[in-house]
Amino acid sequence: MTMWVFGYGSLLWNPGFPVARREVAVLHGYARSFCMSSVHHRGTEERPGLVLALDEVKGAHCKGLAMAVEAGHEAQTLDYLRERELISSAYVERNLEVELTDGRKVTAVTYVIDPDHVQYCGGMGLEEQAQIIAHAVGGRGPNTEYLYNTADHLSEIGLHDVDLDWLARRVREITA
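Residues numbered from 1 in each chain as written. Predicted model: local features only at pLDDT ≥ 70, side-chain atom pairs only at ≥ 80, totals over all residues. Heavy atoms only, no water.

J.: Please explain the overall build of the chain as it appears in this structure.
T.: The number of helices and strands found in the chain is four helices and seven strands. Listing every helix and strand of the chain by position from the N terminus yields β-β-β-α-β-β-α-β-β-α-α. A globule of 176 residues ought to have a C-alpha radius of gyration of about 16 Å, and the chain, at 15 Å, matches this closely. In terms of overall dimensions, the chain has a C-alpha envelope of 45 × 30 × 30 Å along the principal axes. Relative to its 176 residues, the chain shows a buried fraction of 49%. Restricting the contact set of the chain to residue pairs at least 6 apart, pairs at least 24 apart contribute 72%. Carbon and sulfur atoms make up 49% of the accessible area of the chain, which totals about 8,600 Å². Charged side chains of the chain number 16 positive and 25 negative; the gap between the two group centres comes to 3 Å. (Helix = DSSP H or I, 4+ residues; strand = E, 2+ residues; numbered from the N terminus. Rg over C-alpha atoms; globule rule 2.2 N^0.38 Å. Buried < 20%, exposed > 50% of the residue type's maximum accessible area, 1.4 Å probe, protein only. Contact = heavy atoms within 4.5 Å. Areas by Shrake-Rupley, 256 points an atom, 1.4 Å probe, with all protein chains shown as cover. Lys, Arg positive; Asp, Glu negative; His and termini not counted. Charge placed at Lys NZ, Arg CZ, Asp CG, Glu CD.)

J.: Could you clarify how one ought to interpret the pairing of strand 5 (residues 105–113) in this entry?
T.: Burial analysis of strand 5 places seven of its nine residues in the buried class, the great majority of the element. Looking at chain direction, strand 1 (residues 4–7) and strand 5 are connected through two bridges and run parallel. For Trp4, the partnering residue across the bridge sits in strand 5 and is Ala108. Pairing of strand 4 (residues 91–100) with strand 5, which is carried by nine bridges, proceeds in the antiparallel orientation. Opposite Arg94, over in strand 5, you have Thr110 as the bridge partner. The turn joining strand 4 and strand 5, which pair antiparallel and follow one another in sequence, is formed by four residues; a positive phi near 95° is taken by Gly103. (Pairing = 2+ DSSP bridges.)

See the structure below:
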């Protein structure tokens, strides 16, 4: 049985595991947003950055990529993802159904935000997000890099996110 992983943020451009194939997919009931404060990868405790998370929202949907893990690499991929994504327990690992563009439905390992976690910061305005992203730097580099790579990769696969596109333009203005 194929192991699928749903990517909507950095997994789009940096999966970190062997991917056998990628398929555009939709996850219903969740919205992609910068609703997680990052104190490790894209910010620090003193100056947190922001990273994308899936926020459960009735009637929402998120377009991303369903990635099939290369056969024989399932266990090591799951270990890797847990080490990477569950660093602070702000994300919760779920096996959720995603719909591929051909209508097939598959179950994918998906990381969603825990709205009760201290790092949850949903509902923040776009200008405030832009100001934070423009200045934060963490262990994996500048917060701007995370935003630009995600927006660019979504665009490359034909998935435009209006908020991410606006944020990328605004953050470029701030940092110019």
